[in-house]
Amino acid sequence: MADFNGEDGYSGPATLSLSVPTLPSSASQTPEPAAPRDAPPATPRADTLDLRVTVDLRGYFQPIDGRYHWHGRIAAHDGLSAALASGRSTATISTPHGSASCEIADPDPWNRYRITGTSTPPFPSAFATGESTAAITDTPRRASLPSHTRIAIIGSGFGGLGAAIRLRQNGITDFVIFERASSVGGTWRDNTYPGCACDVPSHLYSFSFAPNPLWSRSFSRQPEIRAYLEDVTDRYALRRHLRFDTEVTDVRWDTANSRWNLRTSRGDLAADIVISAAGPLADPSLPDVPGLDGFRGEVFHSSRWNHDYDLTGKRVAVIGTGASAIQIVPEIQPRVARLTLFQRTPAWVLPRRDRRITAAERWLYRHVPPTQRVARLGIYAVRESTVGAFVKRPALLKSAQRLALQNLNTAVADPELRSKLTPSYIMGCKRILLSNDFYPALARPNVDVVASGLAKVDGSTLISQDGTAVEADVIVLATGFHAIDVPIANHVYGVDGKTLAEAWQGDMRALRGTTVAGFPNLCLVIGPNTGLGHNSMVHIIESQLRYIVDYVKTLDRFGVAALDPRPDAQERWCDDIERRMTPTVWNIGGCASWYLNAAGRNPTLWPASTIRFRRETRSIDVDEYHLVPTGGSAR
Ligand code: NAP
C-alpha cells in the first residue's frame, strides 16, 4: 500500500515504462516471460523492446537550485535487470499520483536501481505542493541555513547519521546535519585507498536497526559500506536535514540565552544542542619529518588517495604499518616497480577469515530477517568474549600471538625479514590487524622493509632513523589520524570561554564518554574513552545515541534549557576508567600507541565490555548534571 507523509517522501507501487535495445543473442532472455503480474505483455519491435514493469518505489523530493529534483530506488526486477544489462536508460515512471520521466542508473550492490528526475515528482510532496515553497528557491546542499535549530549535528558518518535516525525515530525532527564534504559517509567516504575494507564483519558493522541483508562479503569493502550509508540516508529521509559543503568553524556557548552560537562556512545560526559526530578518524595526521614538504615526487595520505596518480612502474614508499598500510601494500605491490615499507613498529597480524556471502544466505537474510540477527549476535558474542583478555588478563592473548607467528612464518621464509616483522610487545597493545596477503606481499622480490621510522627527506631520497636511504617517486603516508587531538576541540568554546582543547589540555575527559563539564548541551559521539580494541564501534555509537536521545528528552521532561555535567561526576567517571585501565594490555603491553597521550594516559579506549558501556549509558542520571533554567547560568 502506498504511503506518503509529506517530508518522508513516497513509498509504494509504480509502473516503469521504457524502451530498451533488444539483444539478438539473448532473445530467449527477453523479459517478456518475467513480466510482472499486472503488466501488459511487452511489445517487440525490430531493435527495441517496450517494457512495462511494476516496481516498488521509494521516492524522495529535493528542490535544488530552484528546480524540482527527485530521486528514488526501485527494487531489482528480473525483467528489468535483464533489459538494463546494457547500462543506463531513460524511462517514464507512473504512480497513482502522476507520471514523470526519469533516468535509471546502474544498480547498487543490492541490485536496486537509483532513479532520478528533474521535474515535478510523480508523487506528492510537502515541498512540491507548496507547503514549503521557500525551500524550493534553494537546495538542501546550498539551502540557506535556519537562524535557529533545536539540534545541530556535526558530521554525517556513522555517528551523525545514526544520531539523526534515532532523533527522528523519537519524534525529534528539528535538527540540521552539517557536513563539510559533499556527501555522507565520514571516514568511509574519505578512505578510498586500494584495498580499503572493514576488519569488523559487515553484519555487525552496520546499524542494528538498519540491517543490510545483501552484504556481498563477510568483511565489506569501502564502496559497499559507503553505499550502505548513502542508502540509510535515503531510507530514513535524512537528506532534507543535510547541509553539505558546510563546515562548522566556531561553536560558542551563549550563557545569556543558554544555547550555542554556531559559525559555519555558509553563515551563522543558533542551536539549543550540539551533537558533535566529527569523528576521531577524520583529519589525517602527517608526520613532522624535515624535508617532506620539499619532496620532489608525489605525496599523499592514505585517506586522501590521489587516484589521478598512476603508481604503475613507480618506486613507492609506504610509511606506517597500521590498519590502512596493511590493506594498501598488497593491493599496490603487484603493479609498482619497487615498494619500500617504512616500519617503525611491526604489527601483530592474524589471518582474515573473509569470504563471499552466498546467494542462499542473502536470500535467507532478506526473507527471514531473524536469521541475520542471529548471525550478527553470533559475531558479536565471539568478539565480546575476548574482552577479558584485553582489559584484565593480557597474558591470554599469548595464544593468539602464536597464531599470528604461525601466519608470519608460513608466509615469510627469510629469517631476517621475519625477525623485522616480529613484534616485541603483547598483542592487542596496538590494534590487532587482519590480513592474508600483507605478509606474502612483503615477501615479494620488489618489496623492502625498512625497520625504522622515516626521519628525513632530502629531494627524492627518504632517510630512515637508522640511516637507510631510499629513492622514491611517491610517498604514501599511512600515518593515521588526529585521534586524540581532535581538531573540532579547538573550535568549541564553553561556559568559561575556553575551548574544549584548552579545557582538556591534551587529556580528553568526559562524563560517560559523551558530555563535558563546562560545555552544556554538547554531546560527543565517539567521545573520550569510547574506542574499542575488540568489537564493533557501531555498538558503542548506538549506546551513546540512546543516551543522547534521553538527554534531549530530559531537557523537555524537566523544562530546563541545558544540562551541564557536574565536575565531580565527571571526575568520578574518569577515575573509575583510570582504575580499570591499569591492568589493560594498552597500559602494560609494552608498546607506544596513539591510544595514549603525552602523559601516558589512555583517553581513547573503553576498558570494559560493550555490555557494560550500554548499561552505563542507558539513561541520564540527573544527579550527575547541573540543571540550567531557561535564561539562567550554567553553574
Ligand atoms: P595508525 O593505526 O595510526 O597507524 C599509523 C602508522 O604510521 C603506524 O604504524 C605508525 O608507526 C606509522 N608512522 C607514523 N609516523 C611514522 C614515521 N615517521 N615513520 C614510520 N612510520 C610512521 O593509522 P591507520 O593505519 O590509518 O589506522 C588508523 C585507525 O583507523 C585504526 O586504528 C583503525 O581504528 C582505523 N582503521 C580501520 C580499518 C578497518 O578495517 N576497520 C582500516 C583502516 C583503518 P607506530 O606504530 O610506530 O606509531
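Residues numbered from 1 in each chain as written. Predicted model: local features only at pLDDT ≥ 70, side-chain atom pairs only at ≥ 80, totals over all residues. Heavy atoms only, no water.

Enquirer: Any details on the pairing of strand S22 (residues 461-464)? Residues and values, ideally.
Expert: Neither face of S22 is left uncovered, since the one carrying Thr-461 and Ile-463 and the one carrying Leu-462 and Ser-464 both have all their residues buried. With four bridges joining them, strand S21 (residues 454-458) and S22 adopt antiparallel strand pairing. Along S22, the bridge assignment pairs Leu-454 with Ser-464. Taken together, the three bridges between S22 and strand S23 (residues 469-471) define a ladder with antiparallel strand orientation. Opposite Leu-462, over in S23, you have Val-470 as the bridge partner. Connecting S22 to the next strand, S23, in antiparallel fashion are four residues, including Gly-467 with a positive phi near 90 degrees. (Buried < 20%, exposed > 50% of the residue type's maximum accessible area, 1.4 Å probe, protein only. Helix = DSSP H or I, 4+ residues; strand = E, 2+ residues; numbered from the N terminus. Pairing = 2+ DSSP bridges.)

Enquirer: Please set out the state of the cysteines residue by residue, giving values where relevant.
Expert: If you walk through the whole model with that rule in mind, you get one disulfide. The residue that forms a disulfide with Cys-429 is Cys-591, at a sulfur-sulfur distance of 2.0 Å. Around the S-S axis, the bridge from Cys-429 to Cys-591 shows a dihedral of about -90 degrees and counts as left-handed. In this pair, Cys-429 is assigned in the loop between helix H11 (415-421) and strand S19 (433-434) and Cys-591 in the loop between helix H16 (585-588) and helix H17 (610-616), connecting sequence segments 162 residues apart. Assigned by exposure class, Cys-429 and Cys-591 land together as buried. (Disulfide = S-S within 2.5 Å.)

Enquirer: For the side chain of Ser-202, give the residues involved together with the corresponding values.
Expert: Along the chain, the position of Ser-202 falls in the loop between helix H4 (187-190) and helix H5 (222-235). Apart from residues no more than four positions distant in its own chain, Ser-202 is found in contact with Trp-215, Arg-217, Ser-218, Phe-219 and Ser-220. (Contact = heavy atoms within 4.5 Å.)

Enquirer: Describe helix H6 (residues 325-332), and please don't skip the residues or the numbers.
Expert: Because an α-helix completes one turn every 3.6 residues, residues spaced three or four positions apart along the sequence face the same direction. In terms of residue burial, H6 counts as a mostly covered element, since seven of its eight residues are buried. Among the residues of H6, Ala-325, Ile-326, Gln-327, Ile-328, Val-329, Pro-330 and Ile-332 are the ones counted as buried. In the core, the buried residues of H6 are packed alongside strand S16 (315-319), strand S17 (338-342), S19, helix H12 (438-442) and strand S24 (474-477).

Enquirer: Would you mind going over the nonpolar core in detail, with residue names and values included?
Expert: Core analysis: the biggest nonpolar cluster contains 114 residues, and Phe-158, Phe-207, Ile-275 and Val-318 have the highest contact counts within it. Apart from residues no more than four positions distant in its own chain, Phe-158 is found in contact with Trp-188, Tyr-205, Ser-206, Phe-207, Ile-225, Tyr-228, Leu-229, Val-538 and Ile-541. Leu-269, Val-274, Met-508 and Val-628 belong to the second-largest nonpolar core, a separate cluster that totals 27 residues. (Core = buried A, V, L, I, M, F, W, Y, C linked by side-chain atoms within 4.5 Å.)

Enquirer: Describe in detail the sheet that holds S22, supporting the description with residues and values.
Expert: Taken in spatial order, the three strands line up as S21-S22-S23 in an open sheet, and their pairing is antiparallel. The open sheet has two edge strands with one neighbour each: S21 and S23. Between one strand axis and the next, the sheet turns by 25 degrees as a mean value, whatever way the strands run. (Axes fitted to C-alpha atoms, helices over the stretch in contact; angles between N-to-C directions.)

Enquirer: An account of the site of the ligand is requested, with residue identities and associated values reported.
Expert: The environment of the ligand is formed by 24 residues, the closest being Asp-199, Ser-324, Thr-345, Lys-430 and Leu-454. Between the ligand and Asp-199, the relevant distance is 2.8 Å, taken from an oxygen atom to a main-chain nitrogen or oxygen of the residue. In terms of residue class, the shell around the ligand is built from eleven nonpolar, nine polar and four charged. (Near = heavy atom within 4 Å. Polar contact = N/O pair within 3.5 Å; in protein donor to acceptor, adjacent residues only side chain to side chain. Nonpolar A, V, L, I, M, F, W, Y, C, P; charged D, E, K, R; others polar.)

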